[in-house]
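As a plain string of letters, each chain reads:
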2 protein chains.
Amino acid sequence: MPEQRTSSCPILWLTGLSGAGKTTIGSALVKRLLLLGLTSVLVDGDELRQHLCQDLGFSAADRHENVRRGAAVAVLLARQGIIPVVAMISPYAEDRLTARRSAFPCRFIEVYIDTPLEVCRIRDPKRLYQRVSSGEITAFTGVSAPYEPPAEPELRIKTEEYAVDVAVERILTLVLG
Amino acid sequence: MPEQRTSSCPILWLTGLSGAGKTTIGSALVKRLLLLGLTSVLVDGDELRQHLCQDLGFSAADRHENVRRGAAVAVLLARQGIIPVVAMISPYAEDRLTARRSAFPCRFIEVYIDTPLEVCRIRDPKRLYQRVSSGEITAFTGVSAPYEPPAEPELRIKTEEYAVDVAVERILTLVLG
């Protein structure tokens, strides 16, 4: 049975603060695409930090390079007909624009996972905000390092308003619609 | 129609000199796996050099880092049930061993694309050996930079003896058992 591959090779780029819900929504999206017979891979920022980008820190230069590598992996996949779902904080608008340009001619769908800082701080799934408060972590996005929200994302998901499965369906509608 | 994914997530690692036939065999292998309903991605050294690894040169340190990144991409894919076919010169035995270790618990299948230097030099598909001869390129693997052939690869393909499709079938037999 030959595999179904899409020819439009979109790149789904989820950006937002730490704890916003990027990985949760991204994972659910990948599963949903697979059920539709579409090949998809999650390119998760936390995982990149552990392996591909383990040599990088959190300076502005290293954050640029981190996002550049994530985009390069996404483009490699999209060119082979696989839908990459990138879940990276990617705090700088310029880096996301560079990623978008590098994706051409693939569609680049920027999804802003828009969760307010205070909500992320309360959720704190990885106990990172706690470590920021205690001074253990510095240069943390949204607190002591910048996050530049997308001005014109293809889609904005307010996670306080939508359940994960609803968010996934909204993204899917945009991708397949 | 849910996609077929393998649970054994092997990584196919093709190593050999420039011009040995890694990309040719790797591309054919990816197509063949797709026809079998298995999801596969080519992680090609030349493509990595153009994008993901564009910041790297050809010093020993940069070659280590280049192979490390190729392995990291492969592991990311294999962990999501996609079969990466890595086509990289990967001249150092130690780097290939590190890649193998990083792949665990995925199977790491090292395939030595064993084409003699003189044959690669005659084929010279990218006119690189010509540029080495003219002195335009230095530190070229097999000529002015080391290539450490695998001592115990899972498979050795002598491209002078096998046509591409035969090579692909030999690799497939090893993968699918």
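For clarity, every value in this text was computed on a predicted model and none was experimentally measured. (Residues numbered from 1 in each chain as written. Chains lettered and ligands numbered in written order. Predicted model: local features only at pLDDT ≥ 70, side-chain atom pairs only at ≥ 80, totals over all residues.)

### Remarks on the overall build of chain A
Inference 1: Along its length, chain A carries 7 helices and 5 strands.
Inference 2: Starting at the N terminus, the α and β elements of chain A follow one another as β-α-β-α-α-β-α-β-α-α-β-α.
Inference 3: Relative to the compact-globule value of 16 Å for 177 residues, chain A shows a C-alpha radius of gyration of 16 Å, a close match.
Inference 4: Projected onto its principal axes, the C-alpha positions of chain A cover 55 × 35 × 30 Å. (Helix = DSSP H or I, 4+ residues; strand = E, 2+ residues; numbered from the N terminus. Rg over C-alpha atoms; globule rule 2.2 N^0.38 Å.)

### Topic: the environment of A:R69
Inference 1: With respect to the element layout, A:R69 can be found in helix α3 (residues 60–78).
Inference 2: For A:R69, the contacting residues outside a window of four places in its chain are A:L48, A:L52, A:C53 and B:L52. (Contact = placed C-beta atoms within 7 Å.)

### Considering the pairing of strand β1 (residues 11–15) of chain B
All names here are of chain B.
Inference 1: Across the 5 residues that make up β1, a large majority, 5, are buried.
Inference 2: Going residue by residue along β1, you find I11, W13 and T15 tucked away on one face and L12 and L14 tucked away on the opposite face as well.
Inference 3: The pairing of β1 with strand β4 (residues 108–113) spans 5 bridges and is parallel. Across the sheet, residue T15 finds its bridge partner in β4, namely Y112.
Inference 4: Bridge count for β1 against strand β3 (residues 83–87) is 3 bridges, and the pairing is parallel. When the sheet's bridge partners are listed, L14 is paired in β3 with A87. (Buried ≥ 20, exposed ≤ 12 C-beta atoms within 10 Å, placed from the backbone. Pairing = 2+ DSSP bridges.)

### What to know about the nonpolar core
Inference 1: Ranked by size, the top nonpolar core spans 98 residues in total, and within it A:L12, A:V85, A:V86, B:L12, B:V85 and B:V86 carry the most contacts.
Inference 2: Residues contacting A:V85, with those up to four places away along its chain left out, are A:L12, A:L14, A:G26, A:L29, A:V30, A:S40, A:L42 and A:V43. (Core = buried A, V, L, I, M, F, W, Y, C linked by C-beta atoms within 7 Å.)

### Quick notes on helix α1 (residues 22–35) of chain A
Residues and elements named next belong to chain A.
Inference 1: The end-to-end C-alpha distance of α1, which contains 14 residues, comes to 20 Å, matching closely the 20 Å that a straight helix rising 1.5 Å per residue would cover.
Inference 2: Regarding α1, the residues found buried are K22, T23, I25, G26, L29, V30 and L33. Angularly, the buried residues of α1 cover 160 degrees about the axis, an arc narrow enough to put them on a single face.
Inference 3: Just past α1, the residue G37 takes up positive phi, approximately 85 degrees. (Expected span 1.5 Å × (residues − 1). Arc of directions from axis to C-beta.)

### Remarks on the confidence of the model for chain A
Residue and element names in this part refer to chain A.
Inference 1: On average, chain A scores 94 in pLDDT, and the residues at 70 or more come to 95%.
Inference 2: The model gives residues 1–6 a pLDDT under 50, and that stretch makes 18 contacts with residues more than four places away or in other chains.
Inference 3: Predicted as a complex, the structure gets a pTM of 0.94 and an ipTM equal to 0.93. (pLDDT = per-residue confidence, 0-100.)

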